[in-house]
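Working through the structure, step by step
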Amino acid sequence: MSVAVRLSEEMVHDAQKYAELNFRSVPKQIEYWYRLGKIVDENPDLPLAFIKGVLEGKLEMERGEVSAFEFIEPS
């Protein structure tokens, strides 16, 4: 479902800049910030870099870009 929302000109300008840097559309950039902000709000003790790493790992799993880790016994 889509809903029209009024955003400040400053926020849209910032979103345009970050969207371009991250090869996203402006709406996708705002969705990304929403998702990230929600996770940070729900997990205040986790560092932002950790949260971003988890999201990146989740995306890699969804895309099938992972392989099994093999434990090697030290010799």
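Above this text you will find the structure in question.
Report on the accompanying structure.

**Quick look at helix α3 (residues 48–62)**
Relative to the 21 Å expected for 15 residues at 1.5 Å per residue, α3 spans 21 Å between its end C-alpha atoms, a close match to the ideal helical length. Within two residues after α3, G64 carries a phi angle of roughly 75 degrees, on the positive side.

**Details of the environment of L48**
On the secondary structure map, L48 appears in helix α3. Of the residues examined, L48 reaches a relative accessible area of 42% and is grouped as partly exposed. Counting along the chain gives twelve residues from L48 to L36, while the straight-line C-alpha distance between them is 8.6 Å.

**Structural notes on the packing of aromatic side chains**
Here the structure, examined in full by the defined rule, presents two aromatic pairs. Look at Y18 and W33: their rings are 5.5 Å apart centre to centre, the planes differ by 70 degrees, and that puts the pair in the edge-to-face class. Residue Y18 is found in helix α1 (residues 9–21), and its partner W33 is found in helix α2 (residues 26–42); the two are separated by 15 residues along the sequence. For Y18, a relative accessible area of 37% gives the class partly exposed. With relative accessibility at 31%, the residue W33 sits in the partly exposed group. Lying over the aromatic face of Y32, R24 brings its terminal NZ or CZ to 4.0 Å of the ring centre.

**Some words on the layout of surface pockets**
What the largest pocket holds in volume is close to 360 Å³. Lining of the largest pocket is provided by R24, K28, E31, Y32, R35, K52, L55, E56, K58, L59 and E62. Elements represented by at least two residues in the lining of the largest pocket include exactly α2 and α3. If one sorts the elements of the lining of the largest pocket by residue count, α3 sits on top with six residues. Of the residues in the lining of the largest pocket, the class split is three nonpolar, no polar and eight charged.

Criteria and thresholds
- Residues numbered from 1 in each chain as written.
- Predicted model: local features only at pLDDT ≥ 70, side-chain atom pairs only at ≥ 80, totals over all residues.
- Heavy atoms only, no water.
- Helix = DSSP H or I, 4+ residues; strand = E, 2+ residues; numbered from the N terminus.
- Expected span 1.5 Å × (residues − 1).
- Buried < 20%, exposed > 50% of the residue type's maximum accessible area, 1.4 Å probe, protein only.
- Phe/Tyr/Trp six-rings, centres within 6.5 Å; stacked < 30°, edge-to-face > 60°.
- Lys NZ or Arg CZ within 6 Å of the ring centre and 35° of its normal.
- 1 Å grid on protein atoms, 1.4 Å probe; cavity = no way out; pocket = protein on both sides within 12 Å on 5 of 7 lines; lining within 4 Å.
- Points joined across faces, edges and corners; volume = space filled by probe spheres on them.
- Nonpolar A, V, L, I, M, F, W, Y, C, P; charged D, E, K, R; others polar.

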